[in-house]
Amino acid sequence: MQIAERRAELKEVHPSVTSKAKRLIDVLGALVGLAITGAILIPVAIAIWVDDPGPIFYSQIRCGLNGQFFRIWKFRSMVVDADKVKHLVKNEAQGLIFKNEKDPRITRVGRFLRRTSLDELPQFWNVLMGQMSLVGTRPPTQDEVSKYSPHHFQRLAVKPGITGEWQANGRSTVKDFEEIVKMDLAYQKKWSVGYDLQLILKTIQAVLNKSGAC
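Residues numbered from 1 in each chain as written. Predicted model: local features only at pLDDT ≥ 70, side-chain atom pairs only at ≥ 80, totals over all residues. Heavy atoms only, no water.

## Observations regarding the overall build of the chain
Each helix and strand in the chain was counted, giving nine helices and four strands. Its C-alpha atoms give the chain a radius of gyration of 17 Å, near enough to 17 Å, the size a compact globule of 214 residues would have. Each of the 214 residues in the chain was classed as buried or not, and the buried ones make up 48%. Of the roughly 11,100 Å² of accessible surface on the chain, a fraction of 60% belongs to carbon and sulfur atoms. Distance between charge centres in the chain, computed from 31 positive and 21 negative side chains, equals 3 Å. (Helix = DSSP H or I, 4+ residues; strand = E, 2+ residues; numbered from the N terminus. Rg over C-alpha atoms; globule rule 2.2 N^0.38 Å. Buried < 20%, exposed > 50% of the residue type's maximum accessible area, 1.4 Å probe, protein only. Areas by Shrake-Rupley, 256 points an atom, 1.4 Å probe, with all protein chains shown as cover. Lys, Arg positive; Asp, Glu negative; His and termini not counted. Charge placed at Lys NZ, Arg CZ, Asp CG, Glu CD.)

## Remarks on the nonpolar core
One finds Ile-48, Phe-75, Leu-113, Val-127, Met-132, Tyr-187 and Leu-199 to be the most contacted residues of the largest nonpolar core, which totals 22 residues. For this core, the secondary structure elements donating two or more residues are helix H3 (20–51), strand E2 (69–75), helix H4 (108–115), helix H5 (123–128), strand E3 (133–136) and helix H9 (193–208). In terms of residues, this core owes the most to one element, H3, which gives four residues. Residues Cys-63, Ile-97, Val-174 and Met-183 belong to the second largest nonpolar core, which totals 14 residues. (Core = buried A, V, L, I, M, F, W, Y, C linked by side-chain atoms within 4.5 Å.)

## What to know about the pattern of salt bridges
Per the counting criterion, the structure on display carries 10 salt bridges. Of the charged contacts in the structure, one is a salt bridge between Lys-175 and Glu-92, with a shortest N-O distance of 3.8 Å. Taken together, the positions of Lys-175 in the loop between helix H7 (165–168) and helix H8 (177–190) and Glu-92 in the loop between E2 and H4 put the pair 83 residues apart, joining distant regions of the chain. The salt bridge partner of Arg-105 is Asp-103, with a shortest N-O separation of 2.7 Å. Look at Asp-103 and you get buried, because its relative accessible area is 2%. Residues joined in a network through salt bridges with shared partners are Glu-92, Glu-101 and Lys-175. (Salt bridge = Lys/Arg side-chain N within 4 Å of Asp/Glu carboxyl O.)

## A few points about the packing of aromatic side chains
By convention here, two paired aromatic rings are described through the distance between centres and the angle between planes. As enumerated under the stated definition, the model contains four aromatic pairs in all. The interplanar angle of 20° and the centroid separation of 5.4 Å between the aromatic rings of Phe-57 and Phe-75 together place this pair among those described as stacked. Placement of Phe-57 in strand E1 (residues 57–63) and of Phe-75 in strand E2 is noted, with a sequence separation of 18 residues between them. (Phe/Tyr/Trp six-rings, centres within 6.5 Å; stacked < 30°, edge-to-face > 60°.)

## Examining the packing of H3 against H9
In helix packing, the relevant descriptors are the interaxial angle and the interaxial distance, both defined with respect to the helix axes. Between H3 and H9, the least distance of the axes is 10 Å, while the angle of their chain directions is 25°. Between H3 and H9, the angle falls in the class roughly parallel. The segment H3 lies against H9, with Ala-21, Lys-22 and Ile-25 engaging Val-193, Asp-196 and Leu-197. Grouping the amino acids of the contact of H3 with H9 by side-chain chemistry returns four nonpolar, no polar and two charged. (Axes fitted to C-alpha atoms, helices over the stretch in contact; angles between N-to-C directions. Parallel < 35°, antiparallel > 145°, perpendicular 65-115°, else oblique. Contact = heavy atoms within 4.5 Å. Nonpolar A, V, L, I, M, F, W, Y, C, P; charged D, E, K, R; others polar.)

## Brief notes about H3
Residues spaced three or four apart along an α-helix face the same direction, because each turn holds 3.6 residues. A bend of about 55° at Leu-41 is the largest found in H3, and the proline Pro-43 appears one to four places after it. Of all the residues in H3, the buried ones are Lys-22, Asp-26, Gly-29, Ala-30, Gly-33, Thr-37, Val-44, Ala-45, Ile-48 and Asp-51. (Bend = angle between axes of the 7 residues up to and from the residue.)

## Some details on H4
All of the buried residues in H4 are Val-109, Gly-110 and Leu-113. Taken down its axis, H4 places every buried residue within 100° of arc, on the same side. The secondary structure elements touched by the buried residues of H4 are H3 and E2. (Arc of directions from axis to C-beta.)

## Examining a nonpolar patch on the surface
On the surface, Leu-41, Ile-42, Ile-46, Trp-49, Val-50, Phe-57, Trp-73, Trp-125 and Met-129 cluster together into a nonpolar patch covering about 910 Å² of accessible area. Per-element accounting of the nonpolar patch gives the leading share, five residues, to H3. If you trace the backbone, Leu-41 turns up in helix H3. (Patch = residues over 30% accessible without salt bridge, like charges linked within 9 Å, V, L, I, M, F, W, Y side chains within 5 Å.)

Next comes the structure, spelled out in structure tokens:
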């Protein structure tokens, strides 16, 4: 079934999507995140370019709320044109997600950026624009969504997040897509503004401790 057809079927609006309190936290968090991004932009940009000359930022079309397409932004952590050679790298994850802890496409600086989660800082722009939230689900690629089974689409009932149930409770150590789906759906059932704040604090702790980082 095509993404557009499934998008049309997702008519229920999750409470988190219309929550003004959640949106306020997103905007405030995004502003702080972008201020941090601006503060480290020049040294990070120089490090990326010296290590592997090319674009400083990486962007990709992802599927967000109800399967809507948007362009996600990150600091580039892989070699230029990494997507073109993805098929040459072994997928160590199970299901519709790609993971390889020793992915040869990742640059030396890129490994540091990923280990510290600094590569994700530009996503605060996506949050400010309303395409993402501070807390939600991992935004899947178009290719992944095109292979979804019916029960997978429910994870798109909330905005994608910079962090979420998966990132706060395992990060890269969870490599089974079905387990990730269960965690995403559990988040939707447990959601509240207070629970979002808990996951944000837990994620900060995980990043500082480099827990589950690859």
